[in-house]
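Each chain, letter by letter, is given below.
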Amino acid sequence: MNDPLSTPDAAWSYDTAAVQTGISRGLGETIGFPIHAAAAFQFETLEQAQDEFQHNQGLSYARIQNPTVRALEERITALEGGAATVALASGQAASLTALLSVCRAGDHVVSSASLFGGSTGMLTNILPLMGITATLVEGGPEEIGAAMQDNTRLVWAEMISNPSGAVADLAALAGVAHERGALLAIDNTCGGAGYLCRPLDHGADIVSQSLTKWAGGHGSVMGGSVTVGKQHDLSRNPIFAGGEPSLLAQRGPDALAWRQRWFGAHQLGMTLAPHSAFLIAQGLETLALRLQRESDSALALARWLEQHPRVGGVSYAGLPGHPSFPLVQKYLPRGAGAVLTFDVDDPSRFLSRLRVLRIAPNLGDVRTLVVHPWTTTHGRVPEAARLAAGVRPGTIRMSVGVEDVADLQADIEQAL
């Protein structure tokens, strides 16, 4: 999308940028993203091909870039307030790309322990195979700061953690990371592609997320993205500052974004299909409408469940009693998101009786979905780590959809 009229206006609201960014104006132009089903793109001369393979500014091979995917990336960049985005095949692919873009063998990562089970597994099982160590910390910025080492390159946290609902103190975490020459990466999946919060505005350097969730929004597509901010200091990271010439000298302020595309797409081939990019772009156009309703419904259900005699352990950061409630007021003015947890005495019986809520291991769907994390999403995580993530044997995780709240309450009531 090279049409200057498709470039987002900085003054646009989220809702406007979500439907206008990346769409050209002019006679015969499409309203919406065209799907470019192509494996490669043509050159007219040897020199053109040589220049593209050296600088990667245009189109050459679809593993690296595709016009439909590029338009989606432009939209995500606008919504997250970043400098550049690479869209990839899944949220896990995005997380791996974000981590490996700034870490190599011998490096160290510090992370909050309150994480999605797949992220915990990646940090504790996969990164050590590559010579990268990770320390998962229970607590906030002070505890994370205490775990930092001389070789720590990245601090990792979830904006709204899955499933406990803990909210990251972005400004404090950024201060801890930057003081030691590390970067701050935030998984903003539950932040809804920048709708509930734009971590880059509060000091984060990298935003990773699963686009499968609220961006797609209809349980029909998988994808992930990594967005870099406009200000990040790489001068103390040997990957970028070492060598002659250094990657920083070669790429300047684009060095981090270039490495993420080179790593995730070019080298590992975790490519997002153009049809998937199209579906995600369509989902983004209604994300604000869906997530606002879902967040409002989640708060109403959390308040109701908190008073229910057959329910225990309700965890939702929008409730005044939640430890992260003050951070919700600071970072999440539109709401605390659509995910909450609650405990029941007999999870198997409760789940088997549901007629409206559906049992499925996903988030961000228009339908309300529930799952038993102890045996599914966190089932392979060590018990101590499960408890640290807010998962107990009786915990039910609920991702609230767009149904009528009264219908959801009635279904939960009869299942209990």
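Residues numbered from 1 in each chain as written. Predicted model: local features only at pLDDT ≥ 70, side-chain atom pairs only at ≥ 80, totals over all residues. Heavy atoms only, no water.

**What about helix 16 (residues 405–415)?**
- Along helix 16, the positions that sit buried rather than exposed are Leu408, Asp411, Ile412 and Ala415. The arc that holds the buried residues of helix 16, viewed along the axis, is 95°, so those residues lie on one side.
- Each element contacted by the buried residues of helix 16 is listed here: helix 12 (287–306), helix 14 (347–352) and strand 12 (395–399).
- The N-cap of helix 16, judged by a side-chain oxygen 2.8 Å from the amide nitrogen of Ala406 a few residues on, is Asp404. (Buried < 20%, exposed > 50% of the residue type's maximum accessible area, 1.4 Å probe, protein only. Helix = DSSP H or I, 4+ residues; strand = E, 2+ residues; numbered from the N terminus. Arc of directions from axis to C-beta. Contact = heavy atoms within 4.5 Å. Polar contact = N/O pair within 3.5 Å; in protein donor to acceptor, adjacent residues only side chain to side chain.)

**Quick look at the pairing of strand 2 (residues 108–112)**
- For strand 2, the tally of buried residues reaches five of five residues, placing the bulk of the element in the interior.
- Every second residue of strand 2 is oriented toward a common face, with His108, Val110 and Ser112 on one face and Val109 and Ser111 on the other, all of them buried.
- Relative to strand 3 (residues 133–137), strand 2 runs parallel, the two sharing five bridges. Paired with His108 across the bridge in strand 3 is Thr133.
- Handedness of the strand 2-helix 5 (residues 117–126)-strand 3 crossover: right-handed.
- Here strand 2 pairs with strand 4 (residues 152–158) via four bridges, running parallel. When the bridges of strand 4 are listed, His108 appears paired with Thr152. (Pairing = 2+ DSSP bridges. Right-handed = clockwise from strand over helix to strand, strands pointing away.)

**Observations concerning the UniProt feature "modified residue: N6-(pyridoxal phosphate)lysine" (unreviewed entry) in the protein chain**
- According to UniProt, the "modified residue: N6-(pyridoxal phosphate)lysine" (unreviewed entry) feature falls on Lys213.
- Tracing the chain through its elements places Lys213 in the loop between strand 6 (206–210) and strand 7 (224–228).
- Given a relative accessible area of 17%, Lys213 falls into the buried group.
- When residues no more than four places from it in sequence are discounted, the contact partners of Lys213 are Thr189, Asn362, Leu363 and Gly364. (UniProt positions renumbered as here; feature names shortened; annotations may be inferred.)

**Concerning the nonpolar core**
- Leu72, Leu340, Phe342, Phe350 and Met398 are the most contacted members of the largest nonpolar core, which has 82 residues in total.
- Sorting elements by how many residues they give to this core places helix 12 first, with seven residues.
- Viewed by domain, this core spans two of them, domain 1 (14–275) and domain 2 (288–415), each represented by three or more residues.
- Filtering out sequence-adjacent residues up to four positions away, Leu72 remains in contact with Phe33, Ala87, Leu211, Leu272, Ala277, Ile280, Ala281 and Leu284.
- Counting residues in each nonpolar core, the second largest holds 32 residues, with Val109, Met122, Ile239 and Phe263 among its members. (Core = buried A, V, L, I, M, F, W, Y, C linked by side-chain atoms within 4.5 Å. Domains from an automatic or database assignment.)

**Notes on the domain arrangement of the protein chain**
- Taken domain by domain, the protein chain consists of domain 1 (14–275) and domain 2 (288–415).
- Taking the mean C-alpha position of each, domain 1 and domain 2 sit 27 Å from one another.
- With 36 residues of domain 1 at the interface, the matching set in domain 2 holds 38 residues.
- Together, the buried faces of domain 1 and domain 2 total about 2,900 Å²; carbon and sulfur atoms form 62% of this surface.
- The largest per-residue losses of area from domain 1 upon contact with domain 2 belong to Pro163, Tyr195 and Trp214, which jointly make up 27% of the total buried on that side.
- Across the contact surface, domain 1 and domain 2 share one salt bridge.
- One salt bridge in this structure joins Lys330 and Asp169, with 4.0 Å as the shortest N-O distance. (Buried area = accessible area lost by both parts, 1.4 Å probe. Salt bridge = Lys/Arg side-chain N within 4 Å of Asp/Glu carboxyl O.)

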